[in-house]
Amino acid sequence: MALIRHSARVAVLAGTAVLAGCLAVLSGSAQAGEGTDRMAGSLAQVTGAGQLVDLELVLAVDASSSVSAEEFDLQMRGFADAFRDPAVAAAIRATGDLGIAIAMIQWSDNRRQHVAIDWTHLTTADTTADFASTIDRTPRFLDGGGTAIGGAIEFASRAIARNAFQGVRKVIDISGDGRANQGAQPSKLRDLAVAQGITINGLAILNEDSSVDGYYRTSVIGGTGAFVMTANNYEDFAAAMLEKLIKEIGSVPVADRPAPEPAPGKRPQLAQAWTQPAGGPAAQGGGLGPGY
């Protein structure tokens, strides 16, 4: 694992030099819509390497009309509790002196996204605990609106491109309870993000649509090792997010650890519904995720 990550660090630095050229080809595609063109143009502005980290991670939180005030609070509490968990702190410490760079955004309509917590460098148990406290103090910046998952992907991708870090891995973590009903097709923005080396993972909350995890598999996630996890409802969000963060930060398959016992009378809530095969087209940089 250490050798693989060392090689990846070298590749990250070399890949920066060809980023603008790749984006020019993508943005010129006849199939690209307004959102994909705008995203490519924004990303193409980035030509220099920032501080090297093991992982750049954007937590993209659903703040659309389908999420009540109580449900939003449960999401935020779940994030904060996860970063207080010793397993997450240990996963971050295991990244060594590189650490991880993390930001949180809130999203709803196609033109409504907000950086709720700006980029923060986590390397120790103390910095991780401080980040949990920051989440506790973070209000809801967006109140209602449609569900524009493509807009969230575009905004998160630009946040990664414009920050002061350069990650060996780049991940967008999207959680939500519904399908896109506004903006560009999420799959188009996903494919452009995947072509830039970004992995998009999902946490599908099944309280309103019991099949939304399937939609996330075909239309939202993509990239090397991309996966969807599920929570039956917002009360289950914290446990699912904890498991998801451990997997994302440690890059260790969920199946390698014992699954938590479900509550009596309930089906398991932390299902790894689908994982992008390592040799799939998106994993090989072809820019096409599952279900395109």
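The preceding data block contains the structure.
Asks: For this particular structure, what's the right way to read the overall build of the chain?
Replies: Along the backbone of the chain there are 10 helices and 7 strands. In the chain, buried positions account for 52% of the 292 residues. Of the contacts formed within the chain by residues at least 6 apart in sequence, a portion of 80% connects residues at least 24 apart. Summing over all exposed atoms, the chain offers an accessible surface of approximately 11,900 Å²; the carbon and sulfur share of this is 55%.

Asks: So what exactly am I meant to see when it comes to the environment of Ile102 here?
Replies: Mapped onto the secondary structure, Ile102 falls in strand β2 (residues 100-107). Here Ile102 falls in the buried class, since its relative accessible area comes to 0%.

Asks: How do you make sense of the pattern of salt bridges when you look at a structure like this?
Replies: A pair can form between side chains of opposite charge whenever their charged atoms are brought close. For the coordinates displayed, the defined rule picks out 9 salt bridges. For Asp213, the salt bridge goes to Arg217, with nearest N and O atoms at 3.4 Å. In this pair, Asp213 and Arg217 are both assigned in helix α9 (residues 212-219), 4 residues apart and thus about one turn of the helix distant. Relative accessible area serves as the criterion here: at 14%, Asp213 is assigned to the buried category. Taking relative accessible area as the criterion, Arg217 reaches 25% and is therefore assigned partly exposed. Via salt bridges that share partners, Asp173, Lys244 and Glu248 belong to a single interconnected network.

Asks: Would you explain the pairing of strand β4 (residues 165-176) in this entry?
Replies: The two faces of a sheet get side chains in turn, since along a regular strand they alternate between them. Burial within β4 is extensive, with 12 of its 12 residues counted as buried. Note that strand β1 (residues 51-62) and β4 share 10 bridges and pair parallel. Bridging from a neighbouring strand, Leu57 pairs with Val171 of β4. Following the chain from β4 across helix α8 (residues 186-195) to the adjacent parallel strand β5 (residues 198-205), one finds a crossover that is right-handed.

Asks: For this particular structure, what's the right way to read the packing of aromatic side chains?
Replies: The geometry of an aromatic ring pair is captured by the separation of the ring centres together with the interplanar angle, meaning the angle of the planes. If you walk through the whole model with that rule in mind, you get 3 aromatic pairs. When the ring of Phe79 is compared with that of Phe237, the centres are 5.3 Å apart and the planes differ by 70 degrees; the resulting orientation is edge-to-face. With Phe79 in helix α4 (residues 69-84) and Phe237 in helix α10 (residues 237-250), the pair connects residues that are 158 residues apart, well separated along the chain. Since its relative accessible area comes to 0%, Phe237 is described here as buried. For the ring pair Phe83 and Phe131, a centre distance of 5.0 Å and an interplane angle of 70 degrees mean the geometry is edge-to-face. With Phe83 in helix α4 and Phe131 in helix α6 (residues 125-137), this pair connects stretches of sequence that are 48 residues apart.

Asks: Got a minute to help me understand the nonpolar core in this structure?
Replies: One recurring pattern in soluble globular proteins is that nonpolar side chains are buried together. Of all hydrophobic cores here, the largest spans 37 residues; its most connected members are Leu59, Phe83, Met104, Ile135 and Leu245. For this core, the secondary-structure elements that each account for two or more residues are β1, α4, α5 (86-93), β2, β3 (113-122), α6, β5 and α10. Considering every element that reaches this core, the biggest residue donor is α4, with 7 residues. Sequence-distant contacts of Leu59, that is, excluding residues within four places in its chain, are made with Phe79, Phe83, Ile102, Ala103, Met104, Ile105, Phe131, Asp173 and Leu245. Core analysis: the second largest hydrophobic core is formed by 31 residues, Ala101, Ala103, Val220 and Val228 among them.

Asks: How do you make sense of α6 when you look at a structure like this?
Replies: Residue pairs spaced three or four apart in an α-helix point in one direction, given the helix's 3.6 residues per turn. When the terminal C-alpha atoms of α6 are compared, their 19 Å separation across 13 residues agrees well with the 18 Å that a helix rising 1.5 Å per residue should span. Listed in full, the buried residues belonging to α6 are Thr128, Phe131, Ala132 and Ile135. Looking straight down α6, one finds that the buried residues subtend no more than 100 degrees of arc, so they occupy a single side. Exposed positions of α6 whose direction lies more than 90 degrees from the buried face are Asp126 and Arg137.

Asks: Quick question: what am I supposed to make of the pairing of β5 here?
Replies: Burial analysis of β5 places 8 of its 8 residues in the buried class, the great majority of the element. By the alternation rule, side chains of β5 split into Ile198, Ile200, Gly202 and Ala204 and Thr199, Asn201, Leu203 and Ile205, which are all buried. As paired elements, β4 and β5 share 7 bridges and run parallel to each other. Across the sheet, the residue bridging to Lys170 is Ile198, located in β5.

Asks: Sorry, what's going on with the environment of Asp177 here?
Replies: With respect to the element layout, Asp177 can be found in the loop between β4 and α8. A relative accessible area of 2% places Asp177 in the buried class. Once the C-alpha coordinates of Asp177 and Ala231 are considered, the two residues, 54 residues apart in sequence, prove to be 9.5 Å apart. With residues up to four places along the chain from it excluded, the contact list for Asp177 reads Asp62, Ser66, Val67, Ile205, Asn207, Glu208, Asp209, Val212 and Tyr234. At a separation of 2.8 Å, a polar atom in the side chain of Asp177 contacts the side chain of Ser66.

Quick notes on the rules
- Starting afresh in each chain, residues are numbered from 1 along the sequence in its written order.
- In view of the model being predicted, local features appear only for residues whose pLDDT reaches at least 70, and side-chain atom pairs are presented and counted only at 80 or more, with totals across whole chains, interfaces and linings using the full set of residues.
- Excluded from the side-chain calculations are hydrogens and water; all other atoms, namely the structure's heavy atoms, are used.
- A helix here means a DSSP run of H or I that spans at least four residues, while a strand means a run of E at least two residues long, and both kinds are numbered starting from the N terminus.
- Exposure is judged per residue with a 1.4 Å probe applied to protein chains only, and the accessible area is read against the type maximum: over 50% gives exposed, under 20% gives buried, and values in between give partly exposed.
- Any two residues whose heavy atoms approach within 4.5 Å are treated as being in contact.
- Exposure was quantified through the Shrake-Rupley algorithm and a 1.4 Å probe, taking into account, for residues, occlusion by the shown protein chains and nothing else.
- We define a salt bridge as a contact between a side-chain nitrogen of Lys or Arg and a carboxyl oxygen of Asp or Glu at a distance within 4 Å.
- At least two bridges found by DSSP between two strands are what make those strands a pair.
- For the handedness criterion, the strands are oriented away from the viewer, and a crossover whose path from the first strand over the helix to the second runs clockwise is classed as right-handed.
- For Phe, Tyr and Trp, where Trp contributes only its six-membered ring, two rings pair if their centres lie within 6.5 Å, and the inter-plane angle classes them as stacked under 30 degrees, edge-to-face over 60, or tilted in between.
- Among buried residues, the Ala, Val, Leu, Ile, Met, Phe, Trp, Tyr and Cys ones that are joined through side-chain atoms within 4.5 Å form a nonpolar core.
- The span you would expect from a helix comes to 1.5 Å times its residue count less one.
- The arc in question is traced by the directions running from the helix axis to the C-beta atoms.
- Under the rule applied, a polar contact is a pair of N or O atoms within 3.5 Å (in protein, one hydrogen donor and one hydrogen acceptor; residues adjacent in sequence only if both atoms are side-chain atoms).

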